[in-house]
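The lines below spell out each chain.
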Amino acid sequence: MGLTASVLAIDAGNSKTDVAVVAADGEVLGTARGGGFRPPAVGVETAVNVLADAVSRAFAQAGVTSAGHVSACLANADLPVEEERLAAALDARAWGTTVEVRNDTFAILRAGVAEPRGVAVVCGAGINCVGMRPDGRTARFPAIGRISGDWGGGWGLAEEALWWAARAEDGRGGPTALARTLPGHFGLGSMYALIEALHLEHIAHGRRHELTPVVFATARDGDPVARALVDRLAEEVVTMATVALTRLDLLDEEAPVLLGGSVLTARHPQLDDRVRELLAARAPKAVPQVVTVRPVLGAALLGLDRAGASREAHVRVRGYYEAGAQGAQVA
């Protein structure tokens, strides 16, 4: 029989996967990075094969063949039924005795707090929010797009900017510099040219995410439409956080609000300032923090929570990931 570790921690996002093998005392025995986890696009088995490659490399580095518990925080695990299906798929791989799957936003939350208490908002390609308390209570949203009431994230911001820019150019809307800056990013002279290039896929669909920083730059230069879009995103971030705090009865006591994902960790001044202003007005006791440490830390800590590990074990694994990183910073 091979050696075992206490926790196999997996944080799998749309673009990349991080894996860590952690001992009961919090020592990180092995790590690996793999590709993105996209079961809606490629199917569950193919997506799990991407995880399997990273897991096998981490196990090999650690000198183990399995773990006591698999703590997996996965993108696209948006509904409890999806978490259950993905847990079954991971359990079939026999990587650990027990398996728990959570949405990857929980990894951001747990990575930023000393105990599982608070709220996290992630704004990367999309937007999501979760909250938890030490007693096991959680707050979450379906977060599967417009049909679940979502707006925001880098994709949402870029799509909305394209809408306003197109209408500005053809006269259906008011003027905005976005009509120049968005096509300009791709070396094009008009929104019509950009619309044509996107529609005919002369510009790959996935490159639309490149427009998100263009929106922020246009806002920084003072364009009213771009600034209004950034303010709307701040409104969404704070609305989700406030609702989650309310659901968990944390609105009237000091509680962390963790901010993660590429859009929020970029620390755009207008977005940063507006989020802080709105939180101060609606949740005065909330303590905003930006989380830049790798979210796989959160998956590892959730696994150690499940294993009943000592405080020293938690401190040890956190120290491994925060060494040389900024960790959680007060916004």
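Note that this is a predicted model, so its numbers are computed, not measured.

Draft legend 1. Just the packing of helix α5 (residues 153-170) against helix α9 (residues 224-247), in detail. Between α5 and α9, the least distance of the axes is 11 Å, while the angle of their chain directions is 150°. Taken together, the axes of α5 and α9 are roughly antiparallel relative to one another. α5 and α9 meet at a crossing whose hand is right-handed. Between α5 and α9, the contacting residues are Gly153, Leu157, Glu160, Ala161 and Trp164 on the first element and Val225, Leu229, Arg232 and Leu233 on the second. Here the residues of the contact of α5 with α9 sort into six nonpolar, one polar and two charged.

Draft legend 2. Focus on the layout of surface pockets. Its volume calculated, the second largest pocket comes out at about 200 Å³. In this structure, the second largest pocket is lined by Arg110, Ala114, Glu115, Pro116, Asp305, Ser310, Arg311, His314, Val315 and Arg318. For the lining of the second largest pocket, the element with the most residues is helix α13 (residues 311-322), which contributes four residues. Residues belonging to the lining of the second largest pocket are distributed by class as follows: three nonpolar, two polar and five charged.

Draft legend 3. How the structure looks around the pairing of strand β5 (residues 96-103). Bridge analysis of strand β4 (residues 66-74) against β5 gives seven bridges, and the strand direction is parallel. Across the sheet, the residue bridging to Ala67 is Gly96, located in β5. At this point the chain moves from β4, through helix α3 (residues 80-91), to the parallel β5, and the crossover so formed is right-handed.

Draft legend 4. Geometry of the nonpolar core. In this structure, Leu178, Leu182, Leu233 and Leu271 are the most contacted members of the largest nonpolar core, which totals 55 residues. Here this core takes twelve residues from α9, the largest share from any one element. Not counting the four nearest positions on each side in its chain, Leu271 is found in contact with Phe216, Val230, Leu233, Ala234, Val263 and Leu264. Leu8, Val48, Val64 and Trp95 belong to the second largest nonpolar core, which has 30 residues in total.

Draft legend 5. Broad picture of α3. In this model, α3 (twelve residues) spans 16 Å end to end at C-alpha, consistent with the 16 Å of a helix rising 1.5 Å per residue. Taken together, the buried positions of α3 are occupied by Glu83, Leu86, Ala87, Ala89 and Leu90. Taken end-on, α3 shows its buried residues confined to a sector of 160°, consistent with a single buried face. Across α3 from its buried face, at more than 90 degrees, point the exposed residues Glu84 and Arg85.

Draft legend 6. Structural context of helix α12 (residues 296-307). The first and last C-alpha atoms of α12 sit 17 Å apart over twelve residues, in line with the 16 Å expected at 1.5 Å per residue. Of all the twelve residues making up α12, nine are buried; the element is thus mostly covered by neighbouring parts of the structure. For α12, the full list of buried residues reads Val296, Leu297, Gly298, Ala299, Ala300, Leu301, Leu302, Gly303 and Leu304. Among the residues trailing α12, Gly308 stands out with phi positive, at a value near 70°.

Draft legend 7. Representation of unusual backbone geometry within the structure. The phi dihedral of Ala94 falls on the positive side, at around 60°, and the residue is not glycine. Note that Ala94 resides in the loop between α3 and β5. Given a relative accessible area of 54%, Ala94 falls into the exposed group.

Draft legend 8. Quick peek at empty space enclosed by the protein. The final tally for this structure, using the stated rule, is one cavity of 30 Å³ or more. One number sums up the size of the largest cavity: a volume of about 40 Å³. In this structure, the largest cavity is lined by Leu259, Val263, Leu264, Arg267, His268, Leu271, Asp272 and Val275. Counting residues per element, the lining of the largest cavity draws most heavily on helix α11 (residues 269-282), at three residues. Grouping the constituent residues of the lining of the largest cavity by class yields five nonpolar, one polar and two charged.

Basis of the calculations
Residues numbered from 1 in each chain as written. Predicted model: local features only at pLDDT ≥ 70, side-chain atom pairs only at ≥ 80, totals over all residues. Heavy atoms only, no water. Axes fitted to C-alpha atoms, helices over the stretch in contact; angles between N-to-C directions. Helix = DSSP H or I, 4+ residues; strand = E, 2+ residues; numbered from the N terminus. Parallel < 35°, antiparallel > 145°, perpendicular 65-115°, else oblique. Left-handed = near helix turned anticlockwise from the far one by under 90°. Contact = heavy atoms within 4.5 Å. Nonpolar A, V, L, I, M, F, W, Y, C, P; charged D, E, K, R; others polar. 1 Å grid on protein atoms, 1.4 Å probe; cavity = no way out; pocket = protein on both sides within 12 Å on 5 of 7 lines; lining within 4 Å. Points joined across faces, edges and corners; volume = space filled by probe spheres on them. Pairing = 2+ DSSP bridges. Right-handed = clockwise from strand over helix to strand, strands pointing away. Core = buried A, V, L, I, M, F, W, Y, C linked by side-chain atoms within 4.5 Å. Buried < 20%, exposed > 50% of the residue type's maximum accessible area, 1.4 Å probe, protein only. Expected span 1.5 Å × (residues − 1). Arc of directions from axis to C-beta.

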